[in-house]
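# Per-entry structural report
Residue strings, one per chain:
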Amino acid sequence: MFVKMQPMVRSAALAAFILAFAATAQAPTSLKEAYRGDFAIGAAINTAQITGQDRRGDAIVEAQFNSISPENALKWENVHPAPGVYAFDLPDQYVAFGEKHHMFIVGHCLVWHNQVPAWVFRDDIGNFVDRETLLKRMHDHIFTVVGRYKGRIQSWDVVNEALNDDGTLRQSPWLKIIGEDYIAKAFQYAHEADPQAQLTYNDYSLENGAKRNGVIALIAKLKAQGITVTSVGLQGHDGLTWPSVEDEDTTLSAFAKLGVKVAITELDIDVLPPATRQQSAEVSLKVQQDPKLNPYADGLPQSVQQQLAERYAGLFGVYLKHRDVVTRVTLWGVTDGDSWRNDWPVKGRTSHPLLFDRSGQPKPAFQAVTRVAATAKTTN
Ligand code: XIL
């Protein structure tokens, strides 16, 4: 018996070896295939991509991604620019694009302190409105926007960036006018408007302990009140050294323990010299132009490409380790040319934070990310 089994065992081992070798040598050709069964892979798309004007970008999105987020189309200032005025043309095209390609469609975002028109918080003579008025405006906005896409937008970023770096609540007009329960109200309204939708609290720098602890306390409180919060969104506007892989690991473990899912909602990795000392993704931040802050205007040197590839691989390794809790990883943009990081926090820089370069070609970081998934699958 033993002697008879030998050749079979040997050929099975050989087949396994060949498979493993093939899988590691030939990384899958698309991100979504590489991570199928682990988590969705998304991209934030802009107006040109939503409307079909950017054919090259659309081809990448269709081939590589199985989830989309609207970079700006569903922000309050765009979808609801004036009282009673809704601009659904672009968001309708956005949702149709996702449905056509059977994608997981994200809504971003309902309640935020940026990209919200001043009228939302003011009365006719320019004073702050009272709590009841603002709650009603919030309710109407959420019911109109979430209601329109009920059952079609699967996940909403309900509240975006409500915390300061120290974990306390940001003094936004929402907080000042409504009070602390504006967050609970926003989640409650969103849940009522679409009970099936996944609801996310989204923020940046949650890899820093103080801010993370603030979010943990906030979510625990909301859950204790019976409020539906499905997931925490880690924006992931990262750098080459921050957050460390250990920070990311700790963060994912902490949210897993809390019993919420995690989405990496806005991933990009900055290779440019930092323009500020603090780790922030506050969009209103503005730093003066300086040629020293823009060293790769003519292209990214191979050594930095490699650094970026390793950095992406490191982070995706942690996401994979926590694939029971990570539901989605979304890149904030399609190609480097599209990235908001070309203009933030310094205007007019040449940034290289994504997986596809300015000509739409996959970068070494792309190969690295697909290889991480392939390697994990052969060693499991
Ligand atoms: C950015 C967009 O990418 C830019 O086009 C826009 O000018 C400003 O906002 N955190 C968020 C996103 O939640 O909505 C921001 O998107 C980036 C930081």
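In what follows, the structure referred to is the one given above.
Here we summarise the structure given alongside this text. (Residues numbered from 1 in each chain as written. Predicted model: local features only at pLDDT ≥ 70, side-chain atom pairs only at ≥ 80, totals over all residues. Heavy atoms only, no water.)

## A look at the side chain of Asp 270
Inclusion rule: Strands are runs of DSSP state E lasting at least two residues, helices are runs of H or I lasting at least four, and both sets are numbered from the N terminus onward. The term polar contact refers here to a pair of N or O atoms within 3.5 Å; inside protein, the definition further demands a hydrogen-donor-capable atom paired with an acceptor-capable atom, and it admits residues adjacent in sequence only when both atoms are side-chain atoms. The contact criterion used is simple: two residues touch if any of their non-hydrogen atoms lie within 4.5 Å.
Within the secondary structure, Asp 270 is located in strand β8 (residues 261-270). Engagement of the side chain of Asp 270 in a polar contact is seen with the backbone nitrogen of Leu 272, the distance being 3.2 Å. When near neighbours in sequence (up to four residues on either side) are disregarded, Asp 270 contacts Asp 238, Gly 239, Leu 240, Arg 341, Arg 349, Ser 351 and Pro 353.

## So, the pairing of strand β9 (residues 326-331)
Formally: Throughout this description, buried means an accessible area under 20% of the type-specific maximum (1.4 Å probe, protein chains only), exposed means over 50%, and partly exposed covers the range between. DSSP-based pairing: two strands are paired if at least 2 bridges between them are found.
Within β9, five of the six residues are buried, leaving the element largely enclosed by the surrounding structure. Relative to β9, strand β1 (residues 40-45) is paired through four bridges, and the arrangement is parallel. When the sheet's bridge partners are listed, Gly 42 is paired in β9 with Thr 330. Here four bridges tie β8 to β9, and the two strands are oriented parallel to one another.

## Details of the pattern of salt bridges
What counts here: For salt bridges, the criterion is a side-chain nitrogen of Lys or Arg within 4 Å of an Asp or Glu carboxyl oxygen.
One pass over the structure, following the stated rule, counts 17 salt bridges. The closest approach of N and O atoms between Lys 347 and Asp 343, which form a salt bridge, is 3.9 Å. Where salt bridges share partners, they join Asp 38, Arg 323 and Lys 377 into one cluster.

## Quick word on the nonpolar core
We apply this condition: Buried Ala, Val, Leu, Ile, Met, Phe, Trp, Tyr and Cys residues that are joined via side-chain atoms within 4.5 Å together make up what is termed a nonpolar core.
One finds Trp 174, Tyr 312 and Phe 316 to be the most contacted residues of the largest nonpolar core, which totals 101 residues. Ignoring any residue separated from it by four or fewer positions in sequence, one finds Phe 316 in contact with Tyr 35, Phe 39, Ile 41, Leu 267, Val 329, Val 369 and Val 372. The next biggest cluster of nonpolar side chains, apart from the first, holds six residues, and it includes Tyr 204, Ala 281, Trp 332 and Trp 344.

## A closer look at the site of the ligand
So the rule is basically this: Each residue is tested against the molecule or strand, and it is near if at least one of its non-hydrogen atoms lies within 4 Å. Using the Shrake-Rupley algorithm and a 1.4 Å probe, accessible areas are obtained, with residue cover drawn only from the displayed protein chains. For this scheme, ten residues count as nonpolar: Ala, Val, Leu, Ile, Met, Phe, Trp, Tyr, Cys and Pro. Four count as charged, namely Asp, Glu, Lys and Arg, and the remainder, Gly too, count as polar.
Neighbouring the ligand are 15 residues, the closest being Glu 71, Asn 72, Lys 75, His 108 and Glu 266. A distance of 2.7 Å separates an oxygen atom of the ligand from a polar atom in the side chain of His 108. In isolation the ligand offers 410 Å² of accessible surface; the protein chains occlude 84% of this area. The residue makeup of the shell around the ligand, split by class, is five nonpolar, six polar and four charged.

Take it as geometry only, folks, not as evidence of what the structure does.
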